[in-house]
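# Commentary on secondary and tertiary structure
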Amino acid sequence: MTTDDTAADTFRTTLRSLRVWDTDDLPAFDPETAPATPLPLFHTWFTHAAQAGQPEPHTMTLATVDPDGRPDARTVMLHGADAAGWHFASHSTSAKGRQLAAHPEAALGFYWPAVARQVRVRGRVSTAGAAESRADLSVRSRGALAAALTGHQSEVLGSLDELARASADAWALAAAEPDAPAPTWTRYVLDADEVEFFQGDAQRRHVRLRYRRTPDGTWTRELLWP
């Protein structure tokens, strides 16, 4: 048996051994008590997941499409959720930035396994102004600024040594100039027209509640089969 065969066999064995939500100690969710709009429920669920010990509950999958209509996905950080929408940031010159410029629709996916909950968000994406984008970066860590100043996100990298040199220069600049500009850094806002809340159940009677925005701007709620 080759090394590749051994790795594949270990993978299959490990995959088949995994279980999810095999406990009755999961939070309850009564959709009849859900608010009329999705944002307050998202705030509640997010805080609950953080307090329940879910690592990095602010990480989320961002899905976009490329010019050929092929889906693309990656993990990014949530920077806020308010009446304007769900906020995140990236370089406008990155793959996701270019894709959003060409097709400003996206989906977000939050998964909080500690409480067997998921939240799915879909809607149109817009960009914040330069001042707001700059402010977004200014409140983050020095490491976040250094990463933004390193730039070239999604471009082909020649070597890890090249990255190390560029990163060292960016860290030095971030230390010397905490307000150093990163011109392509952009704050994005997803204005949701659909939000789904999923509560896992050990008996697989999962509860799914979907909010959909109507043409007049109000929200409707409906249950979905799991």
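Overview of the structure.

### Some words on the layout of surface pockets
Empty space within the largest pocket amounts to approximately 300 Å³. In terms of lining residues, the largest pocket is bounded by 18 residues, among which Arg 134, Leu 137, Ser 138, Ala 180 and Pro 181 are the most central. Sort the elements by how many residues they give to the lining of the largest pocket and helix α4 (residues 130–138) lands first, with 5 residues. Classifying every residue of the lining of the largest pocket gives 10 nonpolar, 4 polar and 4 charged.

### Examining α4
The complete set of buried residues in α4 reads Ser 133, Asp 136 and Leu 137. Taken end-on, α4 shows its buried residues confined to a sector of 95 degrees, consistent with a single buried face. Along its buried surface, α4 packs onto β4 (85–91), α5 (142–150) and β7 (185–199).

### Quick look at unusual backbone geometry
Of note in this structure, Glu 56 is not a glycine but carries a positive phi near 45 degrees. If you trace the backbone, Glu 56 turns up in the loop between α2 (38–51) and β1 (59–65). Of note in the backbone geometry, His 152 takes a positive phi value of approximately 65 degrees without being a glycine. Structurally, His 152 is set in the loop between α5 and α6 (160–176).

### Looking at the packing of α5 against α6
Close contact between α5 and α6 brings their axes to 8 Å; oriented N to C, the two are set at 125 degrees. Comparing their axes, α6 and α5 come out oblique. Viewed along their axes, α5 and α6 form a crossing whose handedness is right-handed. On the side of α5, the interface is formed by Arg 142, Gly 143, Leu 145, Ala 146, Leu 149 and Thr 150, while α6 contributes Leu 163, Ala 166, Ser 167, Ala 170, Trp 171, Leu 173, Ala 174 and Ala 175. Across the contact of α5 with α6, the residue classes break down as 10 nonpolar, 3 polar and 1 charged.

Conventions and cut-offs
Residues numbered from 1 in each chain as written. Predicted model: local features only at pLDDT ≥ 70, side-chain atom pairs only at ≥ 80, totals over all residues. Heavy atoms only, no water. 1 Å grid on protein atoms, 1.4 Å probe; cavity = no way out; pocket = protein on both sides within 12 Å on 5 of 7 lines; lining within 4 Å. Points joined across faces, edges and corners; volume = space filled by probe spheres on them. Helix = DSSP H or I, 4+ residues; strand = E, 2+ residues; numbered from the N terminus. Nonpolar A, V, L, I, M, F, W, Y, C, P; charged D, E, K, R; others polar. Buried < 20%, exposed > 50% of the residue type's maximum accessible area, 1.4 Å probe, protein only. Arc of directions from axis to C-beta. Contact = heavy atoms within 4.5 Å. Axes fitted to C-alpha atoms, helices over the stretch in contact; angles between N-to-C directions. Parallel < 35°, antiparallel > 145°, perpendicular 65-115°, else oblique. Left-handed = near helix turned anticlockwise from the far one by under 90°.

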